[in-house]
Structures are given as C-alpha cells and as structure tokens.
Amino acid sequence: MAVATDGQLLGTVLAVQANFYRVQLDQDNREIAPAHLPILLCTRRTRLKKIGQQVMVGDRVVIEEPDWAGGRGAIAEVLPRTGQLDRPAIANVNQIMLVFAVADPPLEAYQLSRFLVKAESTGWDVVLCLNKSDLISAQEQQEISDRLLGWGYQPLFISVQNQINLDQVITHLSHKTTVIAGPSGVGKSSLINALIPDINLRVGEVSGKLARGRHTTRHVELFELPDGGLLADTPGFNQPDLDAQPEELVYYFPEVRKLLEVNHCRFSDCLHRDEPDCAVRGNWERYEHYLEFLEEAIARQTQLNQQADPESTLKLKTKGKGQSKYEPKLESKKYRRISRKTQLQALQDLYQDSEE
Ligand SMILES: Nc1nc2c(ncn2[C@@H]2O[C@H](COP(=O)(O)OP(=O)(O)OP(=O)(O)O)[C@@H](O)[C@H]2O)c(=O)[nH]1
Ligand SMILES: [Zn+2]
C-alpha cells in the first residue's frame, strides 16, 4: 500500500457523515502529510457524483487537494472493491473475528457452532477468540482446545482482564479489515477498548450498549488499530439465523470440508442423512448440529418455495405493457458453488440479526 509513483495520496474511508467522508491516510503518506493530521474530512468530487460513484465505509480512495491546516481534502477516485455489503454499507472486509467466553457466560457448544456456521457462510476468514481464560484452569483450557481442534478450529485463548494473548489478537488483525461479532457479555467491548485505548466504549452498561447499537447500525464505522488494521464492531446478538442452502450447509463445517477433499458421497446431491455410501454421515462431534441446522435450512427453503408459488412448476413472467405469460421455472441449482452473493447476504444478516 505504498504511495503511487505519481505521488497520489491514498486512504481508507472510516466513516460517512452526511456529505463528508472521514478518510484515514495510508501510513506511507505520513511522510508527505504532517504526522499529527492523518485523518482528513473529505468531500466527494463533483465528477464522482456525476458518474454515480458512491463512496462507502471501507473504500480505498485517492485524495486530492489536501488542506493540511484545515484537515480537509477531496475524494477524486474510488479504487475497485474486493467486496461490498449494502446493509450496512461497508466495502473490502476480509475477516470475521468471533469472540466467545470460556465462562461467565458459559461456553455452549450449540451456540458456538451456530455462530461459526454463520460466520463461515460469509466466505471470509474466521478467527475464533475465547475470552475470560483467567476463569478456567490450564487443564480445562486444553480440553476445550482439543475439542475445537476436532471442529477444525484453533481458538485463541485470551483474557482481556489479565491481558493474556492480546498481542496475538493484534497480529491477527493487522493489515486486515475485520468485523467483530459474538454473543452478549463475552467481553467484546472490553476487547475493543483494550485494542484501541482512546475509543472508550462503555463496558457492561445498558446505556453503553444502546449507544453502541445506534452507532454501528445507523452509521457503521471502522476503527483504526494502533498497529495497523481496521475493525468494525457489531452489537451483541444471541441466535443468528442460519439461511444457508441445504446442499451448501456441510461446507460451513471445516472438519467436513477437509474430509470431502479425499472422500466423496455416492450422490453429488447427498444431504448426508440416510443416503447410501455417504462419506459425511457418522462419527464426528458436530454431526448432530449439522442435522439440526439442515432441518432448519430445509424448512426455510420449503417455506420460501411455497411463498414464491405453491404448486406450480410454471412461473408468471411479466413482459412489459401489462403482458404476461407462463414459463417453466428454472431448475434449482443444486450443485452450484457458494456464490459471492450468498456470502455477502450472510454477512449482511449478521448485522440484521444484531439490529433486532
Ligand atoms: N473474568 C473476566 N471478565 C471479563 C474479561 N473481559 C471482560 N470481562 C467482563 O465481562 C463483562 C462483559 O463485558 P463487555 O465488554 O461489556 O461484553 P460485550 O461482549 O461487549 O457485551 P455486549 O455489549 O452485550 O455485546 C464485563 O463485566 C467485563 O468486565 C476477562 O478477560 N475476564
Ligand atoms: Zn453424504
């Protein structure tokens, strides 16, 4: 992320406020910019408005006409996005950090599994942090660790209170744009406060939580980590909805993904319940979770299909000027790969769940 050879100023949009954009200049630019003014309040060039180019949080942008004394600038160009969400509007996310506590509230396998599956369905990297490790023994920690290894995860045990392994969290977050999520009370606010000392989120207070909810749902905002990397917060949500396609669901279990690299089911549309020669069914811990999530996914799909058109295999197609005709429905795409859209939808839902 160096300054372009023609001396362009590059930065990342942290927040959008009315018609202004708070832009964090890249580290390298600070040689050009005065060290005390790394953030500029920017407008969007009229040219961008004319071509309908939106600017969103997370965007990488080119800044022109910096006014260092006034802390102002103008966005002249938006670099291509690697991905984008519409609700909340955020671009270029690359990982999700799930935070759970090992105790207080107790670590519940089913809830953890649900969050993990939801997080996997976004398609981005998943980092699992287990906080409050100060509340359990080394032996108990080892047991949890062994168990989660069987799920395909290597959790990072941390204690915000005792400052254990926070340096490792920082390493995981550096140079990435991360969305943080997890159930209520596990210490997310405490962790963010520890990582970004001057951010000052209120911990364990209803008023603080409300403020935070308002903050993140109405205006999503990225916070810069002192050692590099950007973090977007989500308020607590307890039961994420799973809306994976039934046939995609199994790929959100890393322990099965690994297995399916070498083994195959007889049927390519196998749902791994009672089909003959199934490579997935069997002796793995989360198989029960899989079956339960699958029931949910099938029920959801059935409901959606019924809403769309109860029995017919034809669908009504409107062809302008009030004309319409029936055409065969498209085959459901059973073998398709996980689409980018599904992934984005999943991350979007993480936010929608948290708004409730
Ligand atoms: N023992 C222990 N307690 C902790 C630790 N980290 C946070 N806590 C406590 O856990 C409680 C909840 O912390 P918060 O940071 O408010 O949790 P949160 O995940 O932000 O909760 P929501 O705002 O509801 O999403 C507070 O009383 C913290 O002091 C830790 O490492 N060890
Ligand atoms: Zn199978």
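Just so it is clear, the structure is predicted and the values come from calculations on it, not from any experiment.

## What about the coordination of the zinc ion (ligand 2)?
In this structure, Cys265 (SG), Cys270 (SG), His272 (ND1) and Cys278 (SG) serve as the protein donors to the zinc ion (ligand 2), at separations of 2.1 to 2.4 Å. Counting along the primary sequence, the residues that act as donors to the zinc ion (ligand 2) give the motif C-x4-C-x1-H-x5-C. Take Cys270 and Cys278: they sit in the same class, and that class is buried.

## Quick look at the side chain of Thr177
Topologically, Thr177 is positioned in strand β11 (residues 177-181). Using a relative accessible area of 12% as the deciding quantity, one classes Thr177 as buried. Residues contacting Thr177, with those up to four places away along its chain left out, are Asn92, Val93, Asn94, Gln95, Leu222 and Leu230.

## As for the packing of aromatic side chains
Evaluated as defined, the whole model comprises 8 aromatic pairs. For the pair Phe253 and Tyr290, a centre-to-centre distance of 5.9 Å together with 80° between the ring planes defines the contact as edge-to-face. Placement of the pair is Phe253 in the loop between β13 (230-233) and α7 (254-262) and Tyr290 in helix α8 (residues 287-308), with a sequence separation of 37 residues. A residue is classified by how much of its surface remains accessible, and Phe253, at 0% relative accessible area, is buried. With 5.6 Å between their ring centres and 50° between their planes, Trp284 and Tyr287 make a pair best called tilted. Comparing Trp284 with Tyr287, the two get one shared label, buried. Members of the aromatic cluster, joined through ring pairs, are Tyr110, Phe253, Trp284, Tyr287, Tyr290 and Phe293.

## Considerations on the side chain of Arg60
Assignment of secondary structure puts Arg60 in strand β4 (residues 60-67). Look at Arg60 and you get buried, because its relative accessible area is 16%. A polar contact of 2.9 Å, which involves the side chain of Arg60, links it to the side chain of Asp26.

## Considering the environment of Ala15
Tracing the sequence through the fold places Ala15 in strand β1 (residues 9-17). Judged by relative accessible area, Ala15 falls into the buried class, the value being 4%. In contact with Ala15, other than residues within four places in its own chain, are Phe20, Tyr21, Arg22, Val57 and Glu221.

## A few points about the nonpolar core
Proteins that are soluble and globular tend to have nonpolar side chains buried together. In terms of nonpolar packing, the biggest core is built from 21 residues, with Met97, Ile158, Val169, Leu191 and Leu195 touching the most fellow members. Elements with a minimum of two residues in this core: β8 (95-101), β9 (125-131), α4 (166-173) and α5 (188-195). For Leu191, the residues in contact, after removing those within four places along its chain, are Met97, Val99, Ile158, Val160, Leu166 and Ile180.

## Regarding the packing of α4 against α5
The N-to-C vectors of α4 and α5 enclose an angle of 80°; their axes lie 11 Å apart at closest approach. Of the possible angle classes, the one that applies to α4 and α5 is roughly perpendicular. Two secondary-structure elements touch here, α4 through Leu166, Val169, Ile170 and Leu173 and α5 through Leu191, Ala194 and Leu195. In terms of residue class, the contact of α4 with α5 is made up of 7 nonpolar, no polar and no charged.

## Concerning the pairing of β13
Burial of β13 is two-sided: the residues Leu230 and Ala232 facing one way and the residues Leu231 and Asp233 facing the other way are all buried. Direction of pairing for β11 relative to β13: parallel, over a ladder of 4 bridges. Bridge pairing links Thr177 to Leu230 in β13. Where strand β12 (residues 222-224) meets β13, 3 bridges bridge the pair, whose relative direction is antiparallel. When the bridges of β13 are listed, Glu224 appears paired with Leu230. Two successive antiparallel strands, β12 and β13, enclose a turn made up of 5 residues, where Gly228 displays a positive phi of approximately 100°.

## Observations concerning the confidence of the model for the chain
Within the chain, residue pLDDT values average 81, and 74% of them lie at 70 or more. The model gives residues 1-5 a pLDDT under 50, and that stretch makes 9 contacts with residues more than four places away or in other chains.

## Here's the deal with the pairing of β4
Here 4 bridges tie β1 to β4, and the two strands are oriented antiparallel to one another. Paired with Leu10 across the strands is Val62, a residue of β4. Alignment of β4 against strand β5 (residues 72-78), held across 5 bridges, turns out to be antiparallel. Within β5, the residue paired with Val61 across the bridge is Val78.

## Description of the environment of Leu112
Relative to the helices and strands, Leu112 resides in helix α2 (residues 109-120). Taking the relative accessible area as the measure of exposure, Leu112 reaches 1% and is therefore buried. Along the sequence, Leu112 and Pro183 sit 71 residues apart, while their C-alpha atoms lie 9.1 Å from each other. When neighbours within four sequence positions are excluded, Leu112 is seen to be in contact with Phe100, Leu107, Leu128, Leu148 and Trp151.

Criteria and thresholds
Residues numbered from 1 in each chain as written. Chains lettered and ligands numbered in written order. Predicted model: local features only at pLDDT ≥ 70, side-chain atom pairs only at ≥ 80, totals over all residues. Heavy atoms only, no water. Donors = N, O, S within 2.8 Å, 3.2 Å for Na, K, Ca; no water. Buried < 20%, exposed > 50% of the residue type's maximum accessible area, 1.4 Å probe, protein only. Helix = DSSP H or I, 4+ residues; strand = E, 2+ residues; numbered from the N terminus. Contact = heavy atoms within 4.5 Å. Phe/Tyr/Trp six-rings, centres within 6.5 Å; stacked < 30°, edge-to-face > 60°. Polar contact = N/O pair within 3.5 Å; in protein donor to acceptor, adjacent residues only side chain to side chain. Core = buried A, V, L, I, M, F, W, Y, C linked by side-chain atoms within 4.5 Å. Axes fitted to C-alpha atoms, helices over the stretch in contact; angles between N-to-C directions. Parallel < 35°, antiparallel > 145°, perpendicular 65-115°, else oblique. Nonpolar A, V, L, I, M, F, W, Y, C, P; charged D, E, K, R; others polar. Pairing = 2+ DSSP bridges. pLDDT = per-residue confidence, 0-100.

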